[in-house]
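Breakdown of the fold
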Amino acid sequence: MIRSTNYLFILPILIILFFLLSCATDYNKYADRYYQEGLVFYERMEYDRSIDSFKKVLEVAPYGTDNDLVYYNLGMAYFKQRQYGESIYQFTEAIELIPEKDNKRKFEVLEWRGNAFQKNKDFDNAIRDYSSAIQLIPTHEHLKNIYHNRAWSWIHKKKFDKAIEDFSSAISIDSEFDASYYGRAYVWYKKADLQRAIIDAKEAVKLNPANKKYDDLLYEIKSSKKVDNQALWGPFIKGGNKK
């Protein structure tokens, strides 16, 4: 009699557990569908629809194990929509959910939150995120971009020496990084070091002659009354075959 009573007590629990498991499976199914939809809309540059789909994932599966990816993609979609404040919020939510040892994923979110802070003119927090990313993985393949972007944040804070240091770090990683030659030329120009500004501006134009912004900066520096002839034209170099 005692055994049969125990069975009667356990049976409802098993039924409830089976029902909850079935619901969880359905939630995962819908969450996966909405997530894939969000990725498709993002690739199509339909960012509003992408945001709606990612939000539905969080509604259906608010405690999903991969929700850091959902928040990250939401942050990226808001970034594309120029909604930088909302983008920062989503990236912050993503960082809080990233597994502690997953440094690669955390690096990527820190990089993009730093970009969002910079777009939002919050240069102190941008520098903080870029610095955290550098410290996290000092050999990451995106490191030159981090140094480059942090340099522009230093420029906005009038920390020109730090900006030069970061542009130089980016160039040391990629000696053909034209954007950092341009950035460093701009800083040398701001510091009135016109000879160095000329050298870097010329290198930027040489590496990417189609970029009008580079040519404009070179022209502006050359037009400065402070530039002497040697700085303006540089030493004579004998012609030869280009390699």
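1. Some words on the confidence of the model for the protein
In low-pLDDT segments, the atomic positions of the prediction should not be examined closely. On average, residues of the protein score 86 in pLDDT, and 81% of them reach the 70 mark or higher. Within the model, the stretch residues 1–9 combines pLDDT values under 50 with zero contacts to residues more than four positions away or in other chains.

2. What to know about the nonpolar core
Formed by 65 residues in total, the largest nonpolar core has its most connected members in L74, V109, A163, V187 and I221. Top element by residues in this core is helix α3 (residues 67–80). It accounts for eight residues. Every residue in contact with V109, bar those within four places of it in the chain, is listed here: Y72, F91, A94, I95 and I98.

3. Digging into the packing of helix α7 (residues 143–156) against helix α9 (residues 178–190)
Helices that pack against each other are described as a pair by the angle of their axes relative to one another and the distance between those axes. One can describe the packing of α7 onto α9 by two numbers: an axis separation of 10 Å at closest approach and a directional angle of 20°. Comparing the axis directions of α7 and α9 gives the class roughly parallel. α9 is crossed by α7, and the crossing has left-handed handedness. Facing α7, whose interface residues are H148, W152 and I155, α9 presents A179, S180, Y182, G183, Y186 and V187.

4. Section: the pattern of salt bridges
Scanning the model with the defined rule gives twelve salt bridges in all. E46 is the partner of R49 in a salt bridge, and the nearest nitrogen-oxygen pair spans 3.0 Å. Given the relative accessible area of 45%, R49 is considered partly exposed. Judged by relative accessible area, E46 falls into the partly exposed class, the value being 26%. In this structure, R105 and D102 form a salt bridge, with 3.2 Å as the shortest nitrogen-oxygen distance. Taken together, the shared-partner salt bridges connect D68, D102 and R105 into one network.

5. Digging into α9
Across its 13 residues, α9 extends 19 Å between first and last C-alpha, which sits within 8% of the 18 Å expected from 1.5 Å per residue. Most of α9 sits out of view: ten of its 13 residues are buried. Along α9, the positions that sit buried rather than exposed are D178, A179, S180, Y181, Y182, G183, R184, A185, V187 and W188. Contact partners of the buried residues in α9: α7, α8 (160–173), α10 (194–207) and α11 (212–222). Two residues or fewer after α9 comes A192, characterised by a positive phi angle close to 65°.

6. Observations regarding a positive patch on the surface
The grouping of K80, R82, K119 and K121 at the surface amounts to a positive patch. By the secondary structure assignment, R82 is in the loop between α3 and α4 (84–97).

Analysis parameters
- Residues numbered from 1 in each chain as written.
- Predicted model: local features only at pLDDT ≥ 70, side-chain atom pairs only at ≥ 80, totals over all residues.
- Heavy atoms only, no water.
- pLDDT = per-residue confidence, 0-100.
- Contact = heavy atoms within 4.5 Å.
- Core = buried A, V, L, I, M, F, W, Y, C linked by side-chain atoms within 4.5 Å.
- Buried < 20%, exposed > 50% of the residue type's maximum accessible area, 1.4 Å probe, protein only.
- Helix = DSSP H or I, 4+ residues; strand = E, 2+ residues; numbered from the N terminus.
- Axes fitted to C-alpha atoms, helices over the stretch in contact; angles between N-to-C directions.
- Parallel < 35°, antiparallel > 145°, perpendicular 65-115°, else oblique.
- Left-handed = near helix turned anticlockwise from the far one by under 90°.
- Salt bridge = Lys/Arg side-chain N within 4 Å of Asp/Glu carboxyl O.
- Expected span 1.5 Å × (residues − 1).
- Patch = residues over 30% accessible without salt bridge, like charges linked within 9 Å, V, L, I, M, F, W, Y side chains within 5 Å.
- Areas by Shrake-Rupley, 256 points an atom, 1.4 Å probe, with all protein chains shown as cover.
- Lys, Arg positive; Asp, Glu negative; His and termini not counted.
- Charge placed at Lys NZ, Arg CZ, Asp CG, Glu CD.

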